[in-house]
Amino acid sequence: MADASKSTIVLPFDSAAIADAVALVAAGQPVAVPTETVYGLAADARNPQAVARIYAAKGRPDFNPLIVHVPDLAAAETLGVFGAVERALAARFWPGPLTLVVPRTLDCPVASIATAGLDTIALRVPGHRAMQALLAETGAPLAAPSANASGGVSPTRASHVLASLDGRIALVIDDGPTTAGVESTIARVKDGAVEILRPGPVTVDMLAAASGLAVSGVKGSKIVAPGMLESHYAPGKPVRLGASEFASDEYGIGFGAVAGDYDLSASGDLTEAAAHLFDALHAGAASAKPKIAVAAIPFEGLGAAINDRLARAAV
């Protein structure tokens, strides 16, 4: 099996490569796999530490919501709430390069780090045989942003993945160049219209014809606006950062040697801390204590993203 402690292994797409990838995903490791749009860095979306490893491998500067890939509409409806328009769009464009943003189901098992703590989820049914094979064999919803270092050009070949992630991940499945070559269109239904949140292969005219609704133009380059994210992170009570100890009226979120009511990582592991961050904030918001305090987190690596989100929560 591929070993993440060594240089990244590249295997041509076949059943043996998929079996290797399945074992890695089961072990909580991300693997690079082609879709019809770009190569994605896929991990079990239900496993918060696996999703955190996607961010760590990419060097992603913040916890943007990730697209969760599923094999079909039936699987999507176990994770998100679909109305008639969303179903019509799914029937027309799935499998394919359209991502739909819908409310999470109440019992959605996807880790909150994959949705950046939001109550919505971005879902797509990919059309590529490699990603579909991985979905079938893992039986898991797969979070999968583009398989490249954050800020770089999205990869459309296995060689592009290696150019930025060699040694950071264990395995790349090579099934040649992707066909669409650009990321999926991201859209949501809101106020009786369809909003495009990121342009892609599915165009305004295509969405209008399939939905029968007005389609507004591009609203931004991300799934939701930064202002919405900032508002969501606020837990509704005062948040004190950089705490070395906790007062009796504070719900303590600990890290490393500073233990609290909820410990992000007792060992001081930033990947583990990132995986637990949103759950900790939710727990603090739900606690009887009127305030929240968070132990100091180093700014190195994923610590920069953790501190960014904590600073927003403390606004």
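The coordinates are above.
Residues numbered from 1 in each chain as written. Predicted model: local features only at pLDDT ≥ 70, side-chain atom pairs only at ≥ 80, totals over all residues. Heavy atoms only, no water.

Participant: A description of the overall build of the protein should follow, citing residues and the corresponding values.
Facilitator: A count of helices and strands for the protein gives 10 helices and 15 strands. Each principal axis of the C-alpha atoms in the protein carries an extent, and together these give about 55 × 50 × 30 Å. Considering the protein as a whole, with its 315 residues, one finds that 51% of them fall into the buried category. The long-range share in the protein, meaning contacts at least 24 apart out of those at least 6 apart in sequence, stands at 66%. About 12500 Å² of surface is accessible on the protein, with carbon and sulfur atoms providing 54% of the total. A distance of 4 Å separates the average location of the 23 positive side-chain charges in the protein from that of its 30 negative side-chain charges. (Helix = DSSP H or I, 4+ residues; strand = E, 2+ residues; numbered from the N terminus. Buried < 20%, exposed > 50% of the residue type's maximum accessible area, 1.4 Å probe, protein only. Contact = heavy atoms within 4.5 Å. Areas by Shrake-Rupley, 256 points an atom, 1.4 Å probe, with all protein chains shown as cover. Lys, Arg positive; Asp, Glu negative; His and termini not counted. Charge placed at Lys NZ, Arg CZ, Asp CG, Glu CD.)

Participant: Account for the pairing of strand E5 (residues 98-103), with residues named and values stated.
Facilitator: In terms of burial, E5 is a largely internal element, 5 of the 6 residues being buried. Sheet topology places E5 next to strand E9 (residues 185-190); 3 bridges connect them, and they run parallel. Residue Thr 99 lies in a different strand from E9, and its bridge partner there is Ile 186. In this structure, E5 lies alongside strand E6 (residues 120-124), joined through 4 bridges in antiparallel fashion. Bridge pairing in E6 links Val 101 to Ala 122. (Pairing = 2+ DSSP bridges.)

Participant: Go over the pattern of salt bridges with me, naming the residues and quoting the values.
Facilitator: Taken as a whole and judged by the stated rule, the model has 8 salt bridges. Here Asp 44 makes a salt bridge to Arg 46, at a shortest N to O gap of 3.0 Å. Using a relative accessible area of 38% as the deciding quantity, one classes Arg 46 as partly exposed. When the shortest N-O distance is used, the salt bridge between Lys 289 and Asp 261 registers 3.5 Å. Remark: Asp 261 occurs in the loop between strand E13 (250-254) and strand E14 (262-263) and Lys 289 occurs in the loop between helix H9 (270-286) and strand E15 (291-295); sequence separation between them is 28 residues. (Salt bridge = Lys/Arg side-chain N within 4 Å of Asp/Glu carboxyl O.)

Participant: Please set out the environment of Leu 79 residue by residue, giving values where relevant.
Facilitator: Structurally, Leu 79 can be placed in the loop between helix H3 (73-76) and helix H4 (84-93). On the basis of relative accessibility, which here comes to 4%, the residue Leu 79 falls in the buried class. Spatially, the C-alpha atoms of Leu 79 and Ile 196 are 21 Å apart, while their sequence positions differ by 117 residues. With near-sequence residues (within four places) excluded, Leu 79 lies in contact with Val 68, Val 70, Pro 103, Arg 104, Thr 105, Cys 108, Pro 109, Val 110, Ile 121, Leu 123 and Pro 141.

Purely geometric stuff here, so don't read any function into it on its own.
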